[in-house]
Amino acid sequence: RRKKLITETLNDSNINIVKSQELKDKITALGVDSNKTFVIHNGVDQTKFYPRGIDETRIKLGLEVDKKYALFVGNFQIEKGLTHLIEAFALIKQHNISLLVVGSGPMQVQMEELVEQRELQEHIIFLGRKQHDEIPDYLACADILCLPSLREGCPNVVLESLSCGTPVVASRVGAVPDILRKPEFGVMVAPQQPKELAEAIIQGLSIDKQ
């Protein structure tokens, strides 16, 4: 019944705006006219999210200058895939890479216990929640952003990361394929695949920041 109501509403409209090509394909498959459906991604405030000196930003945040940092920003929920990211880091912990984790959520204790079980305390740093105006510095100081989500719409953090000049390793979901359309933007992987994600992180670290 819900699918029927959604389809009727979309067909009754003059124009439909969606966040990703994936979503357009889904509603087209329901029988909605694709000619009146338009993909418009989210925007980024480029007065806040822009490239800045990586060394200076790391010093400001109290981080090591000569180290590789990956960054996760999000809620600790199943959909965000942090479990798979931690498992990926367990596969590459012999490399000199640290994961900065910004956020919190209902799976906080579970995530901390998993880090201990995988003996990753020296590789994964939980920073807690940060104000939105602090996020640009963390995006700018990282070598890559990791977004291992199981599903997404149009993830703002990916757009914000690229606006800061930081490449992205992300699951191939939602609008991510629309955004990461050039090799220098980052690497995409299938969701829920820690081994593939680990390999993508190593590959992503070789991409020059813009």
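So, a few notes on the structure that sits alongside this text. Owing to the predicted nature of the structure, the values given are computational and were not obtained by experimental measurement.

### Quick notes on the overall build of the chain
Working step 1: Along the chain, the regular secondary structure elements total 9 helices and 8 strands.
Working step 2: On C-alpha atoms alone, the chain measures out to a radius of gyration of 18 Å, which is about the 17 Å that the 2.2 N^0.38 rule sets for 210 residues.
Working step 3: Taking the principal axes of its C-alpha atoms as reference, the chain extends roughly 55 × 40 × 30 Å.
Working step 4: The long-range fraction of contacts in the chain, counting pairs at least 24 apart against all pairs at least 6 apart in sequence, stands at 63%.
Working step 5: Approximately 11,000 Å² of the chain is accessible, and the part contributed by carbon and sulfur atoms is 49%.
Working step 6: On the chain, the mean spot of the 25 positive side-chain charges and the mean spot of the 28 negative ones are 6 Å from each other.

### Here's the deal with helix 9 (residues 194–204)
Working step 1: Of the residues making up helix 9, those classed as buried are Leu 197, Ala 198, Ala 200, Ile 201 and Gly 204. Along the long axis of helix 9, the arc covered by the buried residues comes to 165°, so they all point the same way.

### Description of the packing of helix 4 (residues 82–91) against helix 9
Working step 1: At their nearest, the axes of helix 4 and helix 9 sit 8 Å apart, and the two run at 65° to each other. One element, helix 4, and the other, helix 9, form an angle in the roughly perpendicular class. Once helix 4 is placed against helix 9, the crossing between them reads as right-handed. Of helix 9, the residues touching helix 4 (which contributes His 84, Leu 85, Glu 87, Ala 88, Phe 89 and Leu 91) are Pro 194, Lys 195, Leu 197, Ala 198 and Ile 201.
Working step 2: Residues that form the contact of helix 4 with helix 9 fall into these classes: 8 nonpolar, 1 polar and 2 charged.

### A closer look at the side chain of Arg 58
Working step 1: Among the secondary structure elements, Arg 58 is positioned in helix 3 (residues 54–61).
Working step 2: Those residues in contact with Arg 58 that lie beyond four places of it in its chain are Leu 63, Glu 64, Val 65, Lys 67, Tyr 69, Cys 141, Ala 142 and Asp 143.

### What to know about a nonpolar patch on the surface
Working step 1: Residues Ile 15, Ile 17, Phe 38 and Ile 40 make up a contiguous nonpolar surface patch of roughly 410 Å² in combined accessible area.
Working step 2: Inspection of the secondary structure assignment puts Phe 38 in strand 2 (residues 37–39).

### Focus: the sheet that holds strand 8 (residues 186–189)
Working step 1: Pairing is parallel in the open sheet, where 6 strands are placed in the order 5-4-3-6-7-8. Here the strands that pair on one side only, and so sit at the sheet edges, are strand 5 (124–128) and strand 8. Averaged over all adjacent pairs, the angle separating strand axes in this sheet is 20°, with direction ignored.
Working step 2: In the sheet, strand 7 (residues 168–171) pairs with strand 8 via 4 bridges, with the strands oriented parallel. Bridge pairing in strand 8 places Val 168 opposite Gly 186.
Working step 3: Sitting on the sheet, helix 9 is in contact with strand 4 (97–102), strand 6 (144–147), strand 7 and strand 8, with an inclination near 175° to strand 8.

### Focus: a negative patch on the surface
Working step 1: A grouping of Asp 55, Glu 56, Glu 64 and Asp 66 is seen on the molecular surface, where their side chains present a negatively charged patch.
Working step 2: Relative to the assigned elements, Asp 66 resides in the loop between helix 3 and strand 3 (68–73).

The rules behind the values
- Throughout this document, residue positions are counted from 1 along each chain, in the order its sequence is written.
- Under the rules for a predicted model, residues below a pLDDT of 70 receive no local features and side-chain atom pairs below 80 are neither given nor counted, while totals for whole chains, interfaces and linings still include all residues.
- Excluded from the side-chain calculations are hydrogens and water; all other atoms, namely the structure's heavy atoms, are used.
- Counting from the N terminus, the helices are DSSP H or I runs at least four residues long and the strands are E runs at least two residues long.
- Our radius of gyration is a C-alpha quantity, and the globule rule it is checked against amounts to 2.2 Å times the number of residues to the power 0.38.
- In this description, contact between two residues means that some pair of their heavy atoms is separated by no more than 4.5 Å.
- Per-residue accessibility takes into account occlusion by the displayed protein chains alone, with areas from the Shrake-Rupley method and a 1.4 Å probe.
- Positive charge is attributed to Lys and Arg, negative charge to Asp and Glu, and no charge count is given to His or to the chain ends.
- Every charge is mapped onto a representative atom, which is NZ of Lys, CZ of Arg, CG of Asp or CD of Glu.
- For each residue, the accessible area found with a 1.4 Å probe, counting protein chains only, is set against the maximum for its type, and the residue is called buried under 20%, exposed over 50%, and partly exposed in between.
- Picture the helix axis, draw a direction to every C-beta atom, and the arc is the one those directions span.
- Between N-to-C directions, angles span 0 to 180 degrees; the directions come from axes that are lines fitted to C-alpha atoms, helices contributing only their stretch in contact.
- Any angle that falls under 35 degrees is termed roughly parallel, while one over 145 is termed roughly antiparallel, one within 65 to 115 roughly perpendicular, and all others oblique.
- For a crossing to be left-handed, the near helix must be turned anticlockwise from the far one by less than a right angle; the clockwise case is right-handed.
- Only Asp, Glu, Lys and Arg are considered charged in this grouping, and only Ala, Val, Leu, Ile, Met, Phe, Trp, Tyr, Cys and Pro are considered nonpolar; every other residue, Gly among them, is considered polar.
- Without a salt bridge and with relative accessible area above 30%, a residue can belong to a patch; like charges are then joined within 9 Å and nonpolar side chains (Val, Leu, Ile, Met, Phe, Trp, Tyr) within 5 Å.
- Here a salt bridge means any side-chain nitrogen of Lys or Arg lying within 4 Å of a carboxyl oxygen belonging to Asp or Glu.
- Here, strands pair whenever DSSP counts at least two bridges between them.

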